[in-house]
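# Structure assessment
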Amino acid sequence: MGQSFKALVIDQVDGKVKAGFQKLDTDQLPAGELSVDVSHSTLNYKDGLAVSGKGKIARKYPMVGGIDLAGIVTHSTSADFKSGDPVVVCGGGLSETHWGGYAEKARVPADWAVKIPAPFSPSQAMAIGTAGFTAMLAVIALERVGLKPGPHEMIVTGAAGGVGSVAVALLATLGYKLAASTGRAATHDYLKSLGATTIVAREELNKPSGRPLDSERWAGGIDSLGGETLASVLRQTRANGAVAACGLAENFALPTTVMPFILRGVALLGIDSLQWPMTQRVEVWRRLATDLKPAGIDRIGHEIGLNQLDAVLTAILKGEVTGRYVVRPTVD
Ligand SMILES: NC(=O)c1ccc[n+]([C@@H]2O[C@H](COP(=O)([O-])OP(=O)(O)OC[C@H]3O[C@@H](n4cnc5c(N)ncnc54)[C@H](OP(=O)(O)O)[C@@H]3O)[C@@H](O)[C@H]2O)c1
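Along each chain, numbering runs from 1 in the same order as the chain's sequence is written. Residue-level local features of this predicted model are given only where pLDDT is at least 70; pairs of side-chain atoms are given and counted only at 80 or more, and the full residue set underlies all totals for whole chains, interfaces and linings. Remark: hydrogens and water are excluded; side-chain values derive from all non-hydrogen atoms of the structure.

Okay, the nonpolar core next. Grouping buried Ala, Val, Leu, Ile, Met, Phe, Trp, Tyr and Cys residues that are joined through side-chain atoms within 4.5 Å yields what is termed a nonpolar core. A 1.4 Å probe rolled over the protein chains alone gives each residue an accessible area, and that area as a share of the maximum for its type sets the label: buried under 20%, exposed over 50%, partly exposed in between. Counting residues in hydrophobic clusters, the biggest one holds 55 residues, and the most contacted among them are V168, I222, W285 and L288. In terms of residues, this core owes the most to one element, helix α2 (residues 122–144), which gives 14 residues. Judged by nonpolar contacts, the second largest core, of 16 residues, contains A50, Y102, V321 and V327. Here a helix means four or more residues in a row that DSSP labels H or I, a strand means two or more in a row labelled E, and each is numbered from the N terminus.

This is the structure we're talking about:
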């Protein structure tokens, strides 16, 4: 027998997905070079889908939930890590094919893990999590096509959510003029505190339009909504601008024409955090530590215990979560 630990286990019973707390044993943990005492996990939209069963995320059962985790290495058979190293794992396959972060203990492949860069704590690394990592990838993708801070505003949609909040904080810290689009008036002060100078109401962007182009407004954008909103942002993006598409919180459809691309040279950049090469993740975390810094992330993250997860999972699926929730794997 190994050590027993608590976990939130997703299982399929009579064809229905159910999630509940279970006592597991470290002998049951999946294979991997790193044993980790998990100190924090987090809540992403995908976790909401996985735990509720509303999206088919787990590819086998039983599955420990939590697509992200952070903690301290307790045993390593990899030359790249040693006992005592603080590590973060975002994606990789956690909660899909491999037991995830809603547990006190985990065992993971070493090439999924990144040493948490100073000055971030494990809690701050989880306030970033997959959502914040994705926002950083969007910024890097925009930089690769030549975008830099200038006189015209960038726009972030779904701005008060996880990807959006980190995108706003990152772009503001990097010196971009910034508009944040949100559907919630209560988040305006929060978004301004992260660095947005203009607030755009969700309704200004999410209506169908018969026009192929609108007046040029945005230097570029980071979108986590898709649908009519992404189509509007593309119609309003200035010549040679670029928009990074990260999500589908509004809709997976994209009702656009080719006009923004062929008459204004606008670039639409797809972001998929899961496909980002593991070998390049250290550099993304280094950029986060440099560009975002704890000051930015501390305004975004809120800590909760595992037993408070249920309420926040329901809220994230309704689009009601502001910022990022960090989950301690203990039942308070
Ligand atoms: N490509 C990738 O690798 C990757 C990685 C992470 C996440 N994602 C995707 O990115 C999206 C956002 O993820 P997240 O973790 O940031 O989720 P989140 O925290 O729930 O944020 C989503 C935000 O979108 C807005 N929203 C929600 N429902 C909406 C609707 N029906 N119409 C218009 N706006 C709506 C809300 O922002 P306001 O209240 O400000 O309006 C909400 O806070 C999801 O689709 C997720 O699957 C993709």
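The next point concerns the pairing of strand β2 (residues 16–25). As judged from the 10 bridges shared by strand β1 (residues 4–13) and β2, these two strands associate in the antiparallel manner. Residue pairing for β2: A7 is matched across the bridge by Q22. Strand pairing is assigned whenever DSSP detects at least two bridges linking the two strands. Counting the residues between successive antiparallel strands, the hairpin from β1 to β2 contains two residues, one of them, D14, with a positive phi of roughly 50 degrees.

In this text, near means that some heavy atom of the residue lies within 4 Å of the molecule or strand in question. V163, T182, G183, R184 and S273 are the nearest of the 26 residues found near the ligand. In the model, an oxygen atom of the ligand is placed 2.7 Å from a nitrogen or oxygen of the T182 side chain. A distance of 2.8 Å is found between an oxygen atom of the ligand and a side-chain nitrogen or oxygen belonging to R202. Relative to its unbound accessible surface of 910 Å², the ligand loses 87% to contact with the protein. Contributing elements (two or more residues each) for the shell around the ligand: α2 and α3 (162–173). Residue type decides the class: Asp, Glu, Lys and Arg count as charged, Ala, Val, Leu, Ile, Met, Phe, Trp, Tyr, Cys and Pro as nonpolar, and the leftover types, Gly among them, as polar. Tallied by class, the residues present in the shell around the ligand amount to 11 nonpolar, 11 polar and four charged. In protein, a polar contact requires one atom able to donate a hydrogen and another able to accept it; more generally it is a pair of N or O atoms within 3.5 Å, and residues adjacent in sequence count only if both atoms are side-chain atoms. Each accessible area value is a Shrake-Rupley result obtained with a 1.4 Å probe; residue values ignore everything except the protein chains displayed when judging cover.

Once that is clear, we can look at the sheet that holds strand β12 (residues 218–223). Paired through backbone hydrogen bonds, the strands of a sheet run either parallel or antiparallel to each other. An order of β11-β10-β9-β12-β13-β14 is seen for the six strands of this open sheet, with the pairing classed as parallel. Two strands bound the open sheet, and with one partner strand each, they are β11 (198–201) and β14 (267–270). Across the sheet, the axes of successive neighbouring strands diverge by a mean angle of 20 degrees, strand direction being ignored. Packing of α3 onto the sheet brings it into contact with β9 (154–156), β10 (178–182) and β12, and relative to β9 it is tilted by some 155 degrees. The contact criterion used throughout is that any non-hydrogen atoms of two residues lie within 4.5 Å. Fitted lines through C-alpha atoms give the axes, limited to the stretch in contact for helices. The angle between two N-to-C directions lies from 0 to 180 degrees. The strands touched by helix α5 (residues 227–236) within the sheet are β9, β12, β13 (237–245) and β14, with β13 carrying the most contacts at an inclination of about 155 degrees.

What follows covers unusual backbone geometry. A cis amide bond links Y61 to the next residue, P62, at an omega of -10 degrees. Tracing the backbone through its elements, the reader meets P62 in the loop between α1 (45–52) and β4 (63–64). We note that D14 has phi near 50 degrees; this positive angle belongs to a residue other than glycine. Topologically, D14 is positioned in the loop between β1 and β2. Residues other than glycine seldom take positive phi values, yet S95 does so here, at roughly 70 degrees. Here S95 is to be found in the loop between β6 (86–90) and β7 (105–108).

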